[in-house]
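# Structural features, examined
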Amino acid sequence: MRKLVVAGLLTAAVVPLAACGGSSSKAASAETAQRNAEMFEIDQIERTWHQAASTHDLDLMMSIWAPDASFTIGGKTVTGKTAIRALLSKAGPFQPQNHWLSDTPAYKIRTTVSGEKGTLYFECHYIDTKTGEVASVVGADQDVEKIDGKWLITNSVAATPRLKP
């Protein structure tokens, strides 16, 4: 559904601008379309994260990390995909006894892009599917970079955000 909304927004933004004519407006329109496409690709990291966490799929989770990425959580920093994988394998969402659905409220996602680098913030709200209760909430500030044509996390710092009642 999110893909359809983004595609619709992109079309709504690009078509009127293209109709205006003039080379400068066409260039601006192309730049806007490219930036929106990059933002959409960065946003796919959040979607992949939550799909991986919800299905206990560590291989899928590791597909969004750069080889030399760093991850800080609970005051501990690890570097490299092997160390990140080991850390995540012990995390609540990947424990076989936990049946959690991972989601992010869309309004809590923040994405920036500047050339081949960007940032991504989102919160993971882990809901226990048996009880319907919130099992855990984690927020992550991430640096992302386009490496070999794919947006990947290069640095992530996670912490427990404060939820307002």
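Whatever comes next refers back to the structure up there.
Residues numbered from 1 in each chain as written. Predicted model: local features only at pLDDT ≥ 70, side-chain atom pairs only at ≥ 80, totals over all residues. Heavy atoms only, no water.

### What about the nonpolar core?
- In terms of nonpolar packing, the biggest core is built from 31 residues, with Trp 49, Met 61, Trp 65, Phe 71, Ile 84 and Leu 88 touching the most fellow members.
- In terms of residue count, the dominant contributor to this core is helix α2 (residues 23–55) (five residues).
- Leave out the neighbours within four places in its chain, and Trp 49 touches Met 61, Ile 64, Trp 65, Phe 71, Phe 122, Cys 124, Tyr 126, Gln 142 and Ile 153. (Core = buried A, V, L, I, M, F, W, Y, C linked by side-chain atoms within 4.5 Å. Buried < 20%, exposed > 50% of the residue type's maximum accessible area, 1.4 Å probe, protein only. Helix = DSSP H or I, 4+ residues; strand = E, 2+ residues; numbered from the N terminus. Contact = heavy atoms within 4.5 Å.)

### Concerning the pairing of strand β6 (residues 134–147)
- Sheet topology note: the strand β5 (residues 117–128)/β6 ladder contains 11 bridges and is antiparallel. Within β6, the position partnered with Cys 124 by the bridge is Val 138.
- Taking the residues that link successive antiparallel strands as the turn, the β5-β6 hairpin has five residues, and the phi of Gly 132 there is positive, at about 75 degrees.
- Pairing between β6 and strand β7 (residues 150–159): nine bridges, direction antiparallel. The partner of Gly 139 across the bridge, within β7, is Ala 159.
- The loop that links β6 with its antiparallel partner β7 comprises two residues; one of these, Asp 148, has a positive phi angle of about 50 degrees. (Pairing = 2+ DSSP bridges.)

### A word on the environment of Ala 159
- Note that Ala 159 resides in strand β7.
- Given a relative accessible area of 47%, Ala 159 falls into the partly exposed group.
- Residues contacting Ala 159, with those up to four places away along its chain left out, are Val 138 and Gly 139.

Keep in mind these numbers describe shape, not what the thing actually does.
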